[in-house]
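Chain residues, written in single-letter form:
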Amino acid sequence: MIRFGLTRGVTAAAMMLLLSAVLFFSTEALPGDAAGVVAGADATESERAEIRKRLGLDEPAVARYVTWLGDALTGDLGRSSAAGRPVAEVLASRFGNSVVLVGLAVAGIAVLATTFGLVAGLRAGRLGDRLLSSMTVTLIALPEFLLATGLVVALAHQGGMFPAVSIFPPGDSPWQHPDMLVLPVTGLVLGGLGVATRLVRAAVVSVAESPAIEQARLDGESGVRLAWSYVLPAAAAPGIQGLAVMAAGLLGGSLVVETLFNYPGVGSELARAVTYRDAAMVQGLGLALAGSALLILFVGDLLAGLLNVRSRPASWRRAERGAP
Amino acid sequence: MSNLPRRAFLGFGALTAAGVSGLLTACSSSSDGGGDDAGATLRAAFAGGGSSETLNYFVGPTALDFVRARLVHAPLGAIDAGQPDGVSYGILESIEISDDLTSYILRLRDSVTFTDGSPVTASDLLHSLRAPDELEGLPFTRLVGRSFDLASARKLDRRTLRLPTAQPIADGRLLLCQSMLVIKDGTTEFTPKTPSCGPFVIEAFEPGQQTVLRRNPDYFGDDVNLDEIHLLSIGDAEARVNALREGQADFVSGVSPFNARDLAKTRGLTVRAGEPPYVSNLRFEMNLSHAPFKDERVRRAFRLAVDRQAIVDTVYFGRAEIGNDVPALGFPSYDTGLEQRSYDPDEAKALLREAGHEGMSIELTAGPELTGMVETATLIVENLRAIGVKASLNELPAGQLFADYEAYQRLPFAAGYNPSAPFEANHTPGTFPDVDKLVATARSAPAESDREAASHKAQGLLWEKGNEIIPVFVPTVDAHTDKVSGVRSLQFPDLSAVELASA
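Residues numbered from 1 in each chain as written. Chains lettered and ligands numbered in written order. Predicted model: local features only at pLDDT ≥ 70, side-chain atom pairs only at ≥ 80, totals over all residues. Heavy atoms only, no water.

K.L.:
Go over the overall build of chain A, please, and point to the residues and values.
P.N.:
Assigned secondary structure in chain A consists of 14 helices and zero strands. Each helix (α) and strand (β) of chain A, taken in turn from the N terminus, gives the series α-α-α-α-α-α-α-α-α-α-α-α-α-α. Here chain A holds 324 residues, and 44% of them are scored as buried. (Helix = DSSP H or I, 4+ residues; strand = E, 2+ residues; numbered from the N terminus. Buried < 20%, exposed > 50% of the residue type's maximum accessible area, 1.4 Å probe, protein only.)

Below is the structure:
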């Protein structure tokens with residue numbers, strides 16, 4: 001197990017280095033730079049050149065990559081070319097918000113997808129399964145902005161139940177305003193629920209046909225007890241890996257929801273930075289997102305490894321076999 | 001492991017319950033709390049700029065940064081065509097111009113103080129004028145530095161400053177009053193604690209989210225009615241409109257033409273569009289290094305082919321002004337005597353045939369940098385196809401159009417825009433030498449009649465042979481509840497004199 005963890009850890013670190021280079025040089029390769037955007041249409045040539053020099057855009061790219069990577073390791077991610085704010089400061093304020101949003105959404109997805117996936121998987125082919133499958137397919141087919149807009153219309157415009165946009169007073173964190181979290185979290189849950197449910201259902205279906213479950217059924221187990229105690233533990237590994245992939249993707253990818261509900265997360269900040277050629281911001285936020293995505297996947301892999309009977313250390317297996 | 005989802009489920013359920021009860025209390029406190037006791041609070045939403053928002057308005061790239069700064073730092077004045085000087089004064093009492101147009105005397109109001117109690121003096125004024133250059137401000141903040149010799153400025157007394165010009169200019173008042181604000185001498189950094197002398201002071205600032213402004217009790221003006229302004233940053237136009245509809249904001253800026261039409265019909269809401277000169281010109285530039293555009297007849301054909309009324313009606317639902325291919329609509333020197341360009345596809349076809357460019361191909365490049373830019377470009381492409389031009393549209397995503405400025409300048413046919421600014425001071429020389437000469441005269445001739453004649457002649461030449469199609473002038477459209485009054489449409493909305501009627 002320790003070797004498994006170590007191998008995965010080293011792979012993740014190498015991956016991280018590779019990603020940092022890809023990230024840096026792909027933002028470099030984009031045509032144009034912040035000087036063109038920042039200066040505006042009425043700037044003179046010398047004013048443009050001056051801005052370029054001030055932003056350090058006149059140095060060679062490789063030299064800038066090495067400096068940037070070195071600084072990043074010490075926690076200095078550079079400054080935004082838009083107004084000179086340190087990237088690390090922006091990251092600190094936005095990243096926590098995204099973690100709150102995505103954490104709640106993933107928790108919601110986990111609960112609902114597990115419930116629906118178990119119900120559907122254990123009744124594969126029957127009416128309940130077909131109803132749930134149509135629901136999940138519909139959810140997958142609906143674009144995220146449509147789901148989110150539907151939520152605004154139904155729960156904000158018509159019902160007046162929840163605020164349509166997130167407006168947090170200065171200094172407050174999203175935790176202090178749960179009412180403003182409801183619509184963005186629900187939007188993300190609906191967006192991810194379809195795929196997650198199908199994932200769990202597929203795992204449950206394959207587990208349900210296994211000899212172990214057959215044995216449990218013959219032993220008289222059924223219903224909720226069979227699902228909770230026998231099917232779920234066996235189907236959990238692929239489920240957790242699926243959720244990890246989803247959580248990693250949502251962390252920077254909840255752009256539609258963040259934009260529509262004005263949620264101050266890291267995704268909308270990244271999109272703004274790309275639009276305005278704010279290279280330092282794109283690189284800094286990208287690096288943090290890539291790092292946390294790798295971390296989540298790494299932890300997901302470890303958990304799944306622990307749950308997967310076949311990859312457990314032999315001593316565990318012996319202990320299990322010895323148990324009554 | 002099997003109890004993990006169960007625990008998560010319980011946690012989620014508890015959180016949902018907390019959310020609902022939190023909401024109930026939040027609703028009741030927010031709708032009553034802003035009432036009479038706390039005084040009038042305006043909640044105004046702008047697009048903002050995410051975390052790149054800054055209190056340093058010299059480098060802040062978004063409208064919100066300037067709107068905020070104008071509420072905190074007193075402006076020298078504002079462009080006001082109704083006043084004899086063409087401007088109305090703010091912290092300045094007067095601007096006098098020497099007869100030979102080579103020096104300007106700026107006089108401050110008496111006994112104005114900063115929030116730290118110190119008086120506003122000529123030294124502060126001079127620092128304010130030099131700061132855009134010294135603090136490496138964005139080009140649009142440096143108009144004054146380009147036209148005046150700030151290094152040779154001299155303080156005549158405690159509140160009077162003599163400002164020599166770089167070349168003789170007559171339009172210096174417009175430049176000084178367009179967007180200049182007063183900050184304290186020595187200010188190089190901007191924090192909520194930085195001394196200021198505008199109508200409001202900053203109580204809290206969270207970039208990309210919210211700024212809380214509180215009335216400055218020592219402000220020299222007497223038209224401030226609000227106690228607080230909350231400037232909300234809401235990037236998405238639809239989300240801003242949702243905030244207004246749901247009562248989370250009293251005023252929203254930057255409403256799309258479609259939403260404006262819809263909101264105007266909604267009870268309790270008012271839609272307002274900026275008026276000239278506070279309109280942006282949407283322009284389509286025909287690059288003179290592209291062979292067909294070297295022929296004046298081709299340029300005229302393109303201009304005649306564009307159905308301007310259709311653009312105003314279908315793209316802007318009437319909330320835009322028809323353009324006449326000459327910039328700076330609404331400024332005093334704008335030539336209203338020029339014949340309005342007609343829509344004449346037959347004449348356009350004939351001109352193209354005459355020039356031998358019948359059926360020419362052209363690609364128009366545009367992006368969503370100004371409301372309706374892409375939609376207008378789409379209509380222009382249609383119009384050009386109608387006269388036999390093989391026109392196509394290259395639509396770029398947001399932020400791309402000006403990103404590579406050198407490449408942009410090489411495009412044969414490209415959309416662009418200029419925010420509201422006087423024609424002569426913003427004229428870029430180098431295209432037509434005769435126009436450049438006339439513009440120089442229009443800025444520096446001693447007699448006003450000569451300046452106006454030269455300006456009109458330059459505009460006439462641009463109308464006749466210029467390489468820009470300016471089909472429309474686009475205002476910023478705002479919407480607010482009927483309780484809000486007193487919004488002034490300047491370059492950006494000015495909220496300092498807003499009044500909120502109690503419900």
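There's more to say after this.
K.L.:
Describe the overall build of chain B, and please don't skip the residues or the numbers.
P.N.:
Across its full length, chain B carries 15 helices and 23 strands. In terms of overall size, chain B behaves like a compact globule, its C-alpha atoms giving a radius of gyration of 25 Å where 503 residues would be expected to give roughly 23 Å. Counting only C-alpha atoms and orienting by the principal axes, one finds that chain B spans roughly 80 × 70 × 45 Å. Put simply, chain B has 503 residues, and 54% of those count as buried. Considering only intrachain contacts with a sequence separation of at least 6, the fraction spanning at least 24 residues in chain B is 69%. Working note: accessible area of chain B is about 20,500 Å², and carbon and sulfur atoms make up 49% of it. Averaging the coordinates of the 47 positive side-chain charges in chain B and doing the same for the 68 negative ones gives two points 2 Å apart. (Rg over C-alpha atoms; globule rule 2.2 N^0.38 Å. Contact = heavy atoms within 4.5 Å. Areas by Shrake-Rupley, 256 points an atom, 1.4 Å probe, with all protein chains shown as cover. Lys, Arg positive; Asp, Glu negative; His and termini not counted. Charge placed at Lys NZ, Arg CZ, Asp CG, Glu CD.)

K.L.:
Can you break down the pairing of strand β7 (residues 160-164) of chain B residue by residue, with the values?
P.N.:
All names here are of chain B. For β7, the buried fraction is high: four of the five residues fall into the buried class. As judged from the five bridges shared by strand β5 (residues 103-108) and β7, these two strands associate in the antiparallel manner. When the bridges of β7 are listed, Arg 107 appears paired with Thr 160. Pairing geometry for strand β6 (residues 154-157) and β7, over three bridges, is antiparallel. From the neighbouring strand, Lys 155 faces β7, where its bridge partner is Leu 161. The loop that links β6 with its antiparallel partner β7 comprises two residues. (Pairing = 2+ DSSP bridges.)

K.L.:
Break down the sheet that holds β6 of chain B for me, with residues and values.
P.N.:
All names here are of chain B. Sheet architecture is open: four strands sit in the order β4-β5-β7-β6, paired in antiparallel fashion. Taken across any chain shown, the strands that pair with only one partner, and hence form the sheet edges, are β4 (92-97) and β6. Taking the axes of each pair of neighbouring strands and ignoring which way they run, one obtains an average angle of 20° across the sheet. Its contacts with the sheet put helix α3 (residues 122-134) on β4, β5, β6 and β7, and the angle it makes with β7 is roughly 35°. Seen against the sheet, helix α5 (residues 172-179) touches β4, β5 and β7 and runs at an angle of roughly 155° to β4. (Axes fitted to C-alpha atoms, helices over the stretch in contact; angles between N-to-C directions.)

K.L.:
Talk me through helix α6 (residues 237-245) of chain B; I want residue IDs and the actual numbers.
P.N.:
Owing to its 3.6 residues per turn, the α-helix aligns residues three or four sequence positions apart on the same side. Those residues of α6 of chain B lying buried are Ala 239, Arg 240, Val 241, Asn 242, Ala 243 and Leu 244 of chain B. Backbone geometry just downstream of α6 of chain B places Gly 247 of chain B in the positive-phi region, at approximately 75°.

K.L.:
Describe the nonpolar core, naming the residues involved and giving the relevant values.
P.N.:
One finds Ile 109, Val 231 and Leu 250 of chain A to be the most contacted residues of the largest nonpolar core, which totals 63 residues. If we skip the residues at most four places from it in the chain, Ile 109 of chain A touches Thr 114, Leu 188, Val 189, Gly 192, Leu 193, Ala 196, Leu 243, Met 246 and Leu 250 of chain A. Leu 108, Ala 153, Phe 432 and Leu 490 of chain B belong to the second largest nonpolar core, which has 46 residues in total. (Core = buried A, V, L, I, M, F, W, Y, C linked by side-chain atoms within 4.5 Å.)

K.L.:
Give me the lowdown on the pattern of salt bridges, citing residues and values where you can.
P.N.:
Residues and elements named next belong to chain A. A full pass over the atoms with the stated rule returns 33 salt bridges over all chains. Linking Glu 269 and Arg 272 is a salt bridge whose minimum nitrogen-to-oxygen distance equals 2.9 Å. A residue pair is termed a helical-turn pair when its members lie 3 or 4 positions apart in one helix, as Glu 269 and Arg 272 do in helix α12 (residues 266-275) at three residues. For the pair Glu 269 and Arg 272, a shared accessibility class is recorded, and that class is buried. (Salt bridge = Lys/Arg side-chain N within 4 Å of Asp/Glu carboxyl O.)

K.L.:
Tell me what's going on with the environment of Gly 274 of chain B, and back it up with residues and numbers.
P.N.:
Residue and element names in this part refer to chain B. As for its placement among the helices and strands, Gly 274 is situated in the loop between β12 (269-273) and β13 (279-286). Take Gly 274: its relative accessible area is 10%, and that puts it in the buried class. Note: C-alpha distance between Gly 274 and Leu 490 (216 residues apart in sequence) is 7.5 Å.

K.L.:
Tell me about the environment of Ser 342 of chain B, and please be specific about residues and values.
P.N.:
Structurally, Ser 342 of chain B can be placed in the loop between β14 (321-322) and α10 (345-355). With 130 residues separating them in the primary sequence, Ser 342 of chain B and Val 212 of chain B have C-alpha atoms 49 Å apart.

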